Amino acid sequence: DHSLEQSELDSLRSVLQDSFAIDEAHANELILLAEAERTEATEYYQFTSLINEFYTQQEKRDLVTRLWQMAYADNRIHKLEEHLVRRLADLMHVPHSAFIQSKHKASAD
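Everything quoted here is computed from the prediction, not taken from an experiment. Residue numbering note: each chain is counted from 1, following its sequence as written. Note on the predicted model: pLDDT of at least 70 is required for a residue's local features to be given, and 80 or more for side-chain atom pairs to be given and counted; whole-chain, interface and lining totals, by contrast, use all residues. By convention in this description, side-chain values take in all heavy atoms of the structure and omit both hydrogens and water.

J.: Before we move on, could you go through the pattern of salt bridges and cite the residues and values that matter?
T.: The salt bridge definition used is simple: a Lys or Arg side-chain nitrogen within 4 Å of an Asp or Glu carboxyl oxygen. Summed over all chains, the structure comprises 6 salt bridges. Linking R76 and E5 is a salt bridge whose minimum nitrogen-to-oxygen distance equals 2.6 Å. Taken together, the residues span a long stretch of sequence, with R76 in the loop between helix 4 (57-72) and helix 5 (79-91) and E5 in the segment before helix 1 (6-20) at a distance of 71 residues. Close ionic contact of R76 with D74 constitutes a salt bridge, the shortest N to O distance being 4.0 Å. Throughout this description, buried means an accessible area under 20% of the type-specific maximum (1.4 Å probe, protein chains only), exposed means over 50%, and partly exposed covers the range between. Note on R76: relative accessible area 43%, which makes it partly exposed. Here the salt bridges do not stand alone but share partners, grouping E5, D74 and R76 into one network. Counting from the N terminus, the helices are the DSSP runs of H or I reaching at least four residues and the strands are the DSSP runs of E reaching at least two.

J.: Outline the environment of L4, supporting the account with residue identities and numerical values.
T.: Take L4: it is sitting in the segment before helix 1. Among the residues examined, L4 registers a relative accessible area of 58% and is labelled exposed. Separated by 67 residues in sequence, L4 and A71 have C-alpha atoms that sit 10.0 Å apart.

J.: So, the layout of surface pockets: which residues are in play, and what are the values?
T.: A volume near 1900 Å³ is recorded for the largest pocket. Around the largest pocket, the lining comprises 39 residues; the ones closest to its centre are A34, R38, L67, M70 and L88. Elements represented by at least two residues in the lining of the largest pocket include exactly helix 1, helix 2 (24-40), helix 3 (45-54), helix 4 and helix 5. Ranked by the residues each element gives to the lining of the largest pocket, the list is headed by helix 2, at 7 residues. Charged means Asp, Glu, Lys or Arg here, nonpolar means Ala, Val, Leu, Ile, Met, Phe, Trp, Tyr, Cys or Pro, and polar covers whatever is left, Gly included. Class assignment of the residues belonging to the lining of the largest pocket gives a composition of 24 nonpolar, 7 polar and 8 charged. Cavities and pockets are defined on a 1 Å grid built over the protein atoms alone: a cavity is a set of grid points where a 1.4 Å probe fits but cannot escape, while a pocket is an open set with protein on both sides within 12 Å along at least five of seven lines, and lining residues are those with an atom within 4 Å of any such point. Grid points are joined across faces, edges and corners, and a volume is the space filled by probe spheres set on the points.

This is the structure:
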């Protein structure tokens, strides 16, 4: 939705710390690096192609769930957030049924 609220940033930091077993300082550094990469990127393929190469199907589904959790962090889903999660799931070849299951799981958390 073109705005990163504190709740979404906190959710991202938490996901990074839990997923990669890193401390808050390292999570903050990754967020800054990711932001720099995002501003330079012209497409999502450069990111999703790496995910497709190295992630299992289950890891990709878990990632989609985490994306939904971040989108729900501010207690609302903006249409641009939904579009982005849907687009990334498509590029990662996550089946639509798994996309929907991930959305329901994240909304229940």
